[in-house]
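Fold and contact review
One letter stands for each residue in the lines below.
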Amino acid sequence: MKFLPLIFADILTKKVRFIFILAALSIAFFLFAYLSAIKQGFIGGVDASGVDRMIVVNKVSTFNTMPISYKHKILNVPGVLRVSEASWFGGYYQDRKNTFPQYAVHPEDYLAMREGEFEIDEEQVQAWIKDREGALIGDTIAERFGWEVGDRITLTTTIWENKQWNNDWEFNICGIATTKNKNVNMQGMLFHHKYFDEARAWGNDQVGWFTIQSKDAKQLDTISNRIDDFFENSDNETKTSPEKSFTRGFINQIGDIEAIFLSILGVVFITLLAVTGSAMTQGIKEHMSDIAVMSVIGFSPRFIATITIIESVVVALIGSSIGIMLAWLACSMFGDPTNGLLPIFHMPDLVAWKGLGLAGLFGFVIGLIPVILILRMDKVQALRAIN
Amino acid sequence: MNSSSYINAQDIHKQFSKGSESIDVLNDLDLEIVSGDFIALMGASGSGKSTLLNLIAGIDTPTHGQIVIDGIDIAKLNDSQRTKWRTNNIGYVFQQYHLISTLNAEKNVELPLLLHKLNKTDRKKRVLAALSLVDLEDRAHHKPSELSGGQEQRVGIARAIVTDPNILLCDEPTGNLDRKSGDEILELLQGLNSEHNKTIIMVTHDPHAAACAKRILYLNEGKVSTKALQ
Ligand SMILES: Nc1ncnc2c1ncn2[C@@H]1O[C@H](COP(=O)(O)OP(=O)(O)OP(=O)(O)O)[C@@H](O)[C@H]1O
Ligand SMILES: [Mg+2]
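Predicted model, so just to flag it, every value in this text is computed and none were measured. (Residues numbered from 1 in each chain as written. Chains lettered and ligands numbered in written order. Predicted model: local features only at pLDDT ≥ 70, side-chain atom pairs only at ≥ 80, totals over all residues. Heavy atoms only, no water.)

1. Side note on the overall build of chain B
For chain B, the count of helices and strands is seven helices and ten strands. Taken over 230 residues, chain B has a buried fraction of 56%. Taking as baseline every contact in chain B between residues at least 6 positions apart, the subset at least 24 positions apart corresponds to 70%. Surface summary for chain B: the accessible area is close to 10400 Å², and the carbon and sulfur share equals 46%. (Helix = DSSP H or I, 4+ residues; strand = E, 2+ residues; numbered from the N terminus. Buried < 20%, exposed > 50% of the residue type's maximum accessible area, 1.4 Å probe, protein only. Contact = heavy atoms within 4.5 Å. Areas by Shrake-Rupley, 256 points an atom, 1.4 Å probe, with all protein chains shown as cover.)

Here's what the structure looks like:
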């Protein structure tokens, strides 16, 4: 690469401008990557949702309950493989700040339909199934509160009273699950719906929702219609939807995350890119006399144009790499910036690639402006202009 | 046509048009230069000296007429052929030196060599030879901003001769220099002419500079003559 000095001499000579451009680009791409990670935190649950699973809720709202007797009726609907009842416990550990999700479920049915999503010791599973007050927790939450298998913990719920009209419930930690899938929430806790139902002071024989595993992931629509048709005109009509769209709908209650993400990013990004873009274009324009000289020496306009584009793309890639790297560091070192709102928080590799792709494109487009000038340059006029 | 002439321009006509207006800068111009000549080209400002230099360099083409250099009619070459021809045959020296400010002296001189198939060592050898010819080996790593005007122009000359072209075209090479540095440049050009047999055409407004050449030609009313307009 004998032409390399031509590219880098220029970058390195205008040090102040180069640093300014790099700083602006890194900020823009830091925000891009970091906000992407936050967005992923919000919508990651969608990716983790099972393709063959559905959620049955009360048609009135997700906060209305249904009788547990529906379980067997749903199981009889053709196409349904498994059903687990589920309810939201809404508890926290010691302090309201320590809120995390706890679900009362049917242990065997629930684990069976989430097979492969997380790993857990078979002995611990068996221990959990046997222990009526047992709980299964994710490794993230175990780490957060320093819980170990065998611990007896007390959670306070803002929703449910137990038979003693007390909000404090006790559980035994029977197992700790781990996972390789970064989109799976490991901040959660599972426990026996049966224990929950028998111990609570009110709301008995009711469930929050049912999670269903179908026999055929391609038939979700048909199966959900069958279920909803079956319960039509009953006291509690149902609304069945694929777990993915259910999760998405749930997330969208906070707001259209993607739209918010895009608008914040759009404004910052476009401003910064406009600033860097003009600095970079100006830098290249200052070169027009060099370019005229080079063309007199015998370099073809196309060659000079190529060098210009490469320079522009390289600068954009360097700046964006710094920003993306910083974002990655921030994500892995400081974790969830919302302090618990985003149980799943990591920067997906795809974000880095998208960012670099975007940066490359940006560099290319910025490079195109002077390149058009170069390709249209009249050698004679240019020479007159400099002589 | 004198067959011994190295540069032979005949019936050169160069017209520039700006919108509806057009001006004839060169008009039925004839010019013959033998190999190894050193010409000083003088003439009023706007008389077409730079225009003629650009035609000989193959940077521009005449409106009509032919320019035969070393047997090749360069007006008949297409754009890229002419560019290639120029890189092999012409060294161009600018009044304002026009070194690339981001590159040091050595890299500036190396620039034209990048267009040739040469490896790094060969390029380096040639660059050092050119720099030593202009007596600037010790400034190889200086940026243009760290050089005096005279030194910059010597780097400019080194860049022009590094590919070993036969023809050196200099457009007011001493125009920006004081007398002393200007004289050094003229001496250098004389040496290149007499010892290295470069054919040189030097545009100048300075009679003192012109006196260093073997011949002085005057450009007026679009034609070349050996006599100044009185
Ligand atoms: N590309 C061009 N387009 C239009 N007019 C041009 C162009 N190049 C030269 N001219 C005109 O041709 C004439 C001769 O210009 P040229 O630059 O050759 O003069 P010159 O003898 O080199 O002058 P100077 O001594 O000032 O450098 C001028 O009138 C100039 O305006
Ligand atoms: Mg001129």
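Further notes follow.
2. A closer look at the overall build of chain A
Regarding its fold elements, chain A presents 14 helices and twelve strands. Among the 387 residues that make up chain A, the fraction classed as buried is 51%. Contacts in chain A between residues at least 24 apart in sequence constitute 80% of all its contacts with a sequence separation of at least 6.

3. A few points about a nonpolar patch on the surface
A surface patch of nonpolar side chains, about 700 Å² in accessible area, is lined by I318, I322, L326, W328, L329, M333 and F334 of chain A. Here I322 of chain A is to be found in helix 12 (residues 301-334). (Patch = residues over 30% accessible without salt bridge, like charges linked within 9 Å, V, L, I, M, F, W, Y side chains within 5 Å. Salt bridge = Lys/Arg side-chain N within 4 Å of Asp/Glu carboxyl O.)

4. Side note on the packing of helix 12 of chain A against helix 13 (residues 349-376) of chain A
Residue and element names in this part refer to chain A. Their axes nearest at 7 Å, the elements helix 12 and helix 13 cross at an angle of 150°. The orientation of helix 12 relative to helix 13 falls into the category roughly antiparallel. When you trace helix 12 past helix 13, the crossing you get is right-handed. By residue class, the composition of the contact of helix 12 with helix 13 is 19 nonpolar, eight polar and one charged. (Axes fitted to C-alpha atoms, helices over the stretch in contact; angles between N-to-C directions. Parallel < 35°, antiparallel > 145°, perpendicular 65-115°, else oblique. Left-handed = near helix turned anticlockwise from the far one by under 90°. Nonpolar A, V, L, I, M, F, W, Y, C, P; charged D, E, K, R; others polar.)

5. Side note on the environment of T51 of chain B
Residue and element names in this part refer to chain B. When you line up the elements, T51 lands in helix 1 (residues 49-57). It is 8.3 Å that separates the C-alpha atoms of T51 and L26, two residues lying 25 residues apart in sequence. The residues contacting T51, other than those within four sequence positions of it, are K14, F16, V25 and L26.

6. Here we look at the pattern of salt bridges
Residues and elements named next belong to chain A. The full count for this structure, using the stated rule, is 24 salt bridges over all chains. Across the pair E117 and R53 runs a salt bridge, and its minimum N-O distance is 2.8 Å. Taken together, the residues E117 in the loop between helix 4 (107-113) and helix 5 (122-130) and R53 in strand 1 (residues 53-58) connect sequence positions 64 residues apart. The pair E117 / R53 is uniform in exposure class, with both members buried. Between R53 and E243 there is a salt bridge, with its nearest N and O atoms 2.9 Å apart. With a gap of 190 residues between them, R53 in strand 1 and E243 in helix 9 (residues 243-252) connect regions that are remote in the sequence.

Honestly, it's all geometry; don't read function into it.
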